[in-house]
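Descriptive structure summary
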Amino acid sequence: MDALATPSAHAGMVIIGAGHCGGRAALALRNLGWTGAITVIGDEPLAPYERPPLSKSVLSGETGMDAMQLAAVDAWHEAGVTLRLGCRVNAIDRAARSITLDDGGTIAYRSLLLATGGAARTLSIPGAQHPRVLSLRTHADALALRDHLRPGARVVLVGGGFIGLEVAASAREAGCDVELVEGAPRLLGRAVPESVASLVQALHQARGTRIRCGAQPVEIVQRDDGRLALLLADGSTLVADVIVAGIGMAPRLELARACGLDVEHGIVVDRHLQTSDAAIFAAGDVCQFPSSLSGLAMRQETWHNAETQACVAAANMLGAASAYGESPWFWSDQYDHTLQVSGEPALAASCVSRVPGEGALLLFFLGRDGVLVGASGFGPASVVTRDLKIMRKLVEGRVRLDPAVLADAAQPLKKLLSMMKEAA
Ligand SMILES: Cc1cc2nc3c(=O)[nH]c(=O)nc-3n(C[C@H](O)[C@H](O)[C@H](O)COP(=O)(O)OP(=O)(O)OC[C@H]3O[C@@H](n4cnc5c(N)ncnc54)[C@H](O)[C@@H]3O)c2cc1C
């Protein structure tokens, strides 16, 4: 081994990105018995926190920072985790096994985890730099947006994905006038089938949001009365006090790319979450990993992925050879409704619908061999939450199920779960 590549006896575990995944990995390293130094560097000024409330209860003011933090401030200290916050990593020197911070300091690492997540995509049309054209990724973004969500305020959302729809619901609940434009012919793109997307659209329209699909924003201008005008390609104009772009995120790949790691749609890792450099791991939103079901490369932007990959990456940084085998899972809460997707619906050869009533819809996705590869559902949380939980377990069990039973809402899903457990 090259002398420079030999880790210093004193080098510790270093994590770039103090988000959900980075923070969870640091705590896991300690829980797994690592007694050396753990340093987490994050360019946000806050200790690691979970982002899902940002588009929901933070906007309504129900959730404060305390409830979002992965651990209380004292707990990081007690765990002996050094948080370097408000601090950016500028470079990784793989030969020296060290990283360089924006203040010029360097930190040597024994193993390095890249948990750099992503940044919100911004609109690239004239006028998009206006201070009342916002996006939502961080706690600071959520507080800035919350200030605008007053009764009667006109909010225009660009993007009919999960974040746009969650913000639309929060803004309507705050009494705002809400209009949403989506460039594609329907909401939620490939995330859910059309049958689910149309129920979601109907819910939002029933609660007062005006929705235009197939609409292309071309320019934003400030009018004489101070309001913003969003001009669309069809010549129409939407008037807004604030415009929010919910058009997805771009994984932060710059450090990995600059130091020569394999990078495609994310930082490429194997099933151990190890990059093309054996001393460097990547996890969370930023990493592209092989699906445990199909082997196909995938990148997930979900709470569950950040949470579970953090623990596997931490174990492997300590020398375990754990394969990441979790089945994907995602939820989105909008009004009193919930939407969930589990497994990999994209692998399905057929889909079975179940209609439990009260406007809810549950979908089961079956592979060519009849095995359940994915499930999704949408409806009032009080109606679907229990079934969605069971569906997730059935997907994880990779069971072969009778489509007729799946379609029959009179047959309790709980029974299928018991049968699966008995057969195991
Ligand atoms: C508004 C919102 C709502 C969401 N709602 C849901 C939901 O309902 N359900 C669900 O399943 N998922 C949801 N998610 C997704 C989930 O929150 C993410 O998948 C999760 O936060 C990913 O965690 P991460 O640690 O990989 O990345 P991040 O949370 O993005 O953390 C990465 C951190 O690294 C920092 N960083 C990057 N580069 C550097 C550098 N060079 N130096 C220092 N620091 C750096 C970033 O600033 C950031 O703080 C939501 C996300 C958002 C934004």
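Everything numeric in this text was worked out from a predicted model, so none of it was measured.

Relative to each other, helix H10 (residues 381-397) and helix H12 (residues 413-423) sit at 30°, their axes nearing to 10 Å. Between H10 and H12, the crossing angle belongs to the class labelled roughly parallel. H12 is crossed by H10, and the crossing has left-handed handedness. Residues Asp387, Ile390, Met391, Lys393, Leu394 and Gly397 of H10 form the contact with H12, whose participating residues are Leu413, Lys414, Leu416, Leu417 and Met420. Its residues assigned to classes, the contact of H10 with H12 comprises 7 nonpolar, 1 polar and 3 charged.

Here we come to unusual backbone geometry. Not every positive phi belongs to a glycine, and Arg97 is a case in point at roughly 50°. Relative to the helices and strands, Arg97 resides in the loop between strand E4 (89-93) and strand E5 (98-101). Phi at Glu358 takes a positive value of approximately 55°, unusual for a residue other than glycine. By the secondary structure assignment, Glu358 is in the loop between strand E23 (350-357) and strand E24 (360-366).

Time to look at the sheet that holds strand E12 (residues 217-222). A sheet is described by the order of its strands in space; here 3 strands give the open sequence E12-E13-E14, paired in antiparallel fashion. Lying at the two open borders of the sheet, with one neighbouring strand each, are E12 and strand E14 (237-240). The mean inter-strand angle of the sheet, taken between neighbouring strand axes irrespective of direction, is 20°. In terms of strand pairing, strand E13 (residues 228-232) meets E14 through 4 bridges, oriented antiparallel.

Another point: the pattern of salt bridges. Two side chains that carry opposite charge are able to pair once their charged atoms sit near each other. Applying the stated criterion across every chain yields a total of 17 salt bridges. In this structure, Asp285 and Arg137 form a salt bridge, with 2.9 Å as the shortest nitrogen-oxygen distance. Of the two residues, Asp285 is situated in the loop between strand E18 (280-282) and strand E19 (287-290) and Arg137 in the loop between strand E8 (133-135) and helix H5 (139-146); the sequence distance between them amounts to 148 residues. The class for Arg137 is buried, based on a relative accessible area of 18%. Note that Glu301 is salt-bridged to Arg299, the shortest N-O span being 2.8 Å. Overall, Glu301 belongs to the partly exposed group, its relative accessible area being 37%. Under the relative-accessibility criterion, Arg299 is labelled partly exposed at 23%. Taken together, the salt bridges that share partners define one network made up of Asp43, Arg88, Arg252 and Glu254.

This paragraph deals with the domain arrangement of the protein chain. With domains assigned, the protein chain is organised as domain 1 (3-118 + 250-317), domain 2 (122-247) and domain 3 (336-423). Placing the centre of domain 2 and that of domain 3 at their C-alpha centroids yields a distance of 32 Å. Contact with domain 2, which involves 11 residues of that partner, is made by 10 residues of domain 3. Counting every contact that joins domain 2 to domain 3 gives 1 salt bridge.

Next up on the list: the UniProt feature "domain: Reductase C-terminal" (unreviewed entry) in the protein chain. Cross-referencing UniProt, the feature "domain: Reductase C-terminal" (unreviewed entry) maps to residues 329-417 in the present numbering. The span residues 329-417 shows a helical share of 30% and a strand share of 42%, and its end C-alpha atoms are spaced 18 Å apart.

How each quantity is defined
Residues numbered from 1 in each chain as written. Predicted model: local features only at pLDDT ≥ 70, side-chain atom pairs only at ≥ 80, totals over all residues. Heavy atoms only, no water. Axes fitted to C-alpha atoms, helices over the stretch in contact; angles between N-to-C directions. Helix = DSSP H or I, 4+ residues; strand = E, 2+ residues; numbered from the N terminus. Parallel < 35°, antiparallel > 145°, perpendicular 65-115°, else oblique. Left-handed = near helix turned anticlockwise from the far one by under 90°. Contact = heavy atoms within 4.5 Å. Nonpolar A, V, L, I, M, F, W, Y, C, P; charged D, E, K, R; others polar. Pairing = 2+ DSSP bridges. Salt bridge = Lys/Arg side-chain N within 4 Å of Asp/Glu carboxyl O. Buried < 20%, exposed > 50% of the residue type's maximum accessible area, 1.4 Å probe, protein only. Domains from an automatic or database assignment. UniProt positions renumbered as here; feature names shortened; annotations may be inferred.

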